[in-house]
Amino acid sequence: MTAISRSKKWVVQLAVLALIALGTTFALEIADPQTADAQSSVRPPAGAVNQGADSGPQGGEVPGASSGNLSDSEMWRAVRKGIRGTVSIPDKNAGLMVQSEGDAWRATKNGPIATWGVLGLAGMVVLLAIFYLIRGKIRVDHGMSGRTITRFADMERMGHWLLAVSFIILAITGLNITYGKYFLLPLLGKSGFATIAAGGKWLHNYVAFAFMAGLVMILVMWIKENFPNKYDLEWLAKGGGMFVKGVHPPSKKFNAGQKILFWLVIWGGLGLSLTGIALLFPFQFDFPAGMEPIQQMQFATTWHAIISLVMVVVVIAHIYIGTVGMEGAYDAMGTGEVDENWAKEHHSVWAKEASKSRGGRKSKAVPAE
Ligand code: HEM
């Protein structure tokens, strides 16, 4: 324990406290009978049920006379099961009075999805804090050489930052849609929260297009370096050398872990984009075919929420390793130049290829201070 500095202990203690506070608050919130008992929350309007002798059938009418031969209970059962009426307005969906699956959809979103999401987010933060406590910052074992190699060209960094900044804005504004009512609403009050939520929703709608552009850019620029190769299995078997000091499995430009992140971002990003477009332009696409239009919207919001939560959890780990977790890593996306020793330790095959292709050119030496 002597090797563990006070500051590291603080980080873990704070993270564990945050997790407990978050978990408790959230558990209390979702224990709210309105959410937990959502299955039974669709009821006929108060005035529609038989309210006693005075408001009962009069003048020879039978219960539910307004709906033909059905009794009130039969009528509401039919409504609850999704009976469709005819309407003369253009939106034929208005003929459906109650779509009961909407209740299950709401209960799933506010229940398991929201709960697993918060556990995943807090769990990842705690896991990273524990990893930091045990492993510390991953250092360049041979020390910085002072010479650098170009790792990412300007265009690559532009694509990455377009994707990263837009993703972070989308993540914050998106998380607010799911969790804001539990955490911010009690803090800001109804009108304060409404302003933040409406602004966030507006931002979310427009920033989505920057995210899609960033996604296309990294796909085009990096796809060829992200197909599996012979180094990947060894990299995975050795845990990327993350857990043991001095272990550095060979890798080309991207290692197996980075490839997993890349494909997760590409496929997840595609899923988010398609479901997001379906939500931006509701009822315009017949997908998945065979579902009711309103079910298609429920499908889109549900998958949008699941994919985004998984991505945010994984991206938290990526941001950790690209900043405080690994010495010298941020430079790759900051200046585009990485230290030669960093390159040799983390991407040995790529480093060799890069210095060969540089030919006789000298790498950029950083003068000693
Ligand atoms: C503050 C936020 C972020 C930081 C500091 C950061 C940092 C980095 C760094 C340093 C690299 C290069 C690693 C290397 O040289 O091997 C990188 C690569 C990459 N980043 Fe980020 N990143 C951030 C946010 C994001 C976000 C939000 C996404 C996606 C939604 C993302 C996706 C990627 C991908 C796909 C790569 C290439 C594969 C990889 O190196 O893992 N990044 N990032």
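Structure's up top.
Residues numbered from 1 in each chain as written. Predicted model: local features only at pLDDT ≥ 70, side-chain atom pairs only at ≥ 80, totals over all residues. Heavy atoms only, no water.

(A) Spotlight on the site of the ligand. Near the ligand there are 24 residues, and of these Arg151, His160, Gln258, His318 and Ala332 occur at the shortest range. In the model, a nitrogen atom of the ligand is placed 2.8 Å from a nitrogen or oxygen of the His160 side chain. Separating an oxygen atom of the ligand from a side-chain N or O atom of Gln258 is a distance of 2.5 Å. Residue contributions to the shell around the ligand peak at 8 residues, all from helix H5 (residues 154–222). (Near = heavy atom within 4 Å. Polar contact = N/O pair within 3.5 Å; in protein donor to acceptor, adjacent residues only side chain to side chain. Helix = DSSP H or I, 4+ residues; strand = E, 2+ residues; numbered from the N terminus.)

(B) View of the coordination of the iron atom of the ligand. Here the iron atom of the ligand is held by the protein donor atoms His160 (NE2) and His318 (NE2), which lie 2.0 Å from it. Classification of the site at the iron atom of the ligand rests on its 6 donor atoms, whose angles at the metal span 86 to 179 degrees, yielding the label octahedral. On the criterion of sequence distance, the pair formed by His160 in helix H5 and His318 in helix H8 (residues 293–322) is long-range, its members being 158 residues apart. Classification of His318 by relative accessible area gives partly exposed; the value is 32%. (Donors = N, O, S within 2.8 Å, 3.2 Å for Na, K, Ca; no water. Tetrahedral: all angles 85-135°; square planar, octahedral: opposite > 155°, others 65-115°. Buried < 20%, exposed > 50% of the residue type's maximum accessible area, 1.4 Å probe, protein only.)

(C) How the structure looks around the packing of aromatic side chains. Inspection of every chain in the model, using the stated rule, returns 11 aromatic pairs. Their ring planes at 40 degrees and their centres at 6.0 Å tell us that Phe167 and Phe211 sit as a pair that is tilted. On the numbers, 5.0 Å between centres and 50 degrees between planes, the contact of Trp202 with Tyr206 is tilted. With a gap of 4 residues between them, Trp202 and Tyr206 both fall in helix H5, about one helical turn apart. Just as Trp202 is exposed, Tyr206 falls in that class too. Cluster of aromatic residues (ring-pair linked, three or more members): Phe131, Phe243 and Tyr320. (Phe/Tyr/Trp six-rings, centres within 6.5 Å; stacked < 30°, edge-to-face > 60°.)

(D) Just the packing of helix H4 (residues 101–135) against H8, in detail. It is at 9 Å that the axes of H4 and H8 come closest, and there the two elements cross at 5 degrees. Classified by the angle between their axes, H4 and H8 sit roughly parallel to one another. For the pair H4 and H8, the contacting residues are Glu101, Gly102, Trp105, Lys109, Ile113, Gly117, Gly120, Leu121, Met124, Leu128, Phe131 and Tyr132 in the first and Gln295, Gln298, Thr301, Thr302, Ala305, Ile306, Leu309, Val312, Val313, Ile316, Ala317 and Tyr320 in the second. A class-by-class count of the residues in the contact of H4 with H8 yields 15 nonpolar, 7 polar and 2 charged. (Axes fitted to C-alpha atoms, helices over the stretch in contact; angles between N-to-C directions. Parallel < 35°, antiparallel > 145°, perpendicular 65-115°, else oblique. Contact = heavy atoms within 4.5 Å. Nonpolar A, V, L, I, M, F, W, Y, C, P; charged D, E, K, R; others polar.)

(E) Representation of the layout of surface pockets within the structure. Each pocket or cavity is described by its volume, and for the second largest pocket that value is around 680 Å³. Forming the boundary of the second largest pocket are 28 residues, of which Gly174, Ile177, His204, Leu279 and His304 lie nearest the centre. Among the secondary structure elements, those contributing two or more residues to the lining of the second largest pocket are H4, H5, helix H7 (256–280) and H8. The class makeup of the residues in the lining of the second largest pocket is 17 nonpolar, 9 polar and 2 charged. (1 Å grid on protein atoms, 1.4 Å probe; cavity = no way out; pocket = protein on both sides within 12 Å on 5 of 7 lines; lining within 4 Å. Points joined across faces, edges and corners; volume = space filled by probe spheres on them.)

(F) View of the environment of Gly146. Note on placement: Gly146 falls in the loop between H4 and strand E1 (147–150). Relative accessible area serves as the criterion here: at 22%, Gly146 is assigned to the partly exposed category. When the C-alpha atoms of Gly146 and Val338 are compared, they prove to be 9.5 Å apart, with 192 residues separating the residues in sequence.

(G) Expanded view of a nonpolar patch on the surface. Side chains of Phe209, Phe281, Phe285 and Phe287 sit close together on the surface and give an oily, nonpolar patch of about 440 Å² of accessible area. With respect to the element layout, Phe287 can be found in the loop between H7 and H8. (Patch = residues over 30% accessible without salt bridge, like charges linked within 9 Å, V, L, I, M, F, W, Y side chains within 5 Å. Areas by Shrake-Rupley, 256 points an atom, 1.4 Å probe, with all protein chains shown as cover. Salt bridge = Lys/Arg side-chain N within 4 Å of Asp/Glu carboxyl O.)

(H) Fine view of the environment of Met155. By the element assignment, Met155 lies in helix H5. Residues Met155 and Met221 lie 66 residues apart in sequence; the distance between their C-alpha atoms is 8.8 Å. With sequence-adjacent residues up to four places away left out, Met155 is seen in contact with Met217 and Met221.

Structural measurements only, silent on function.
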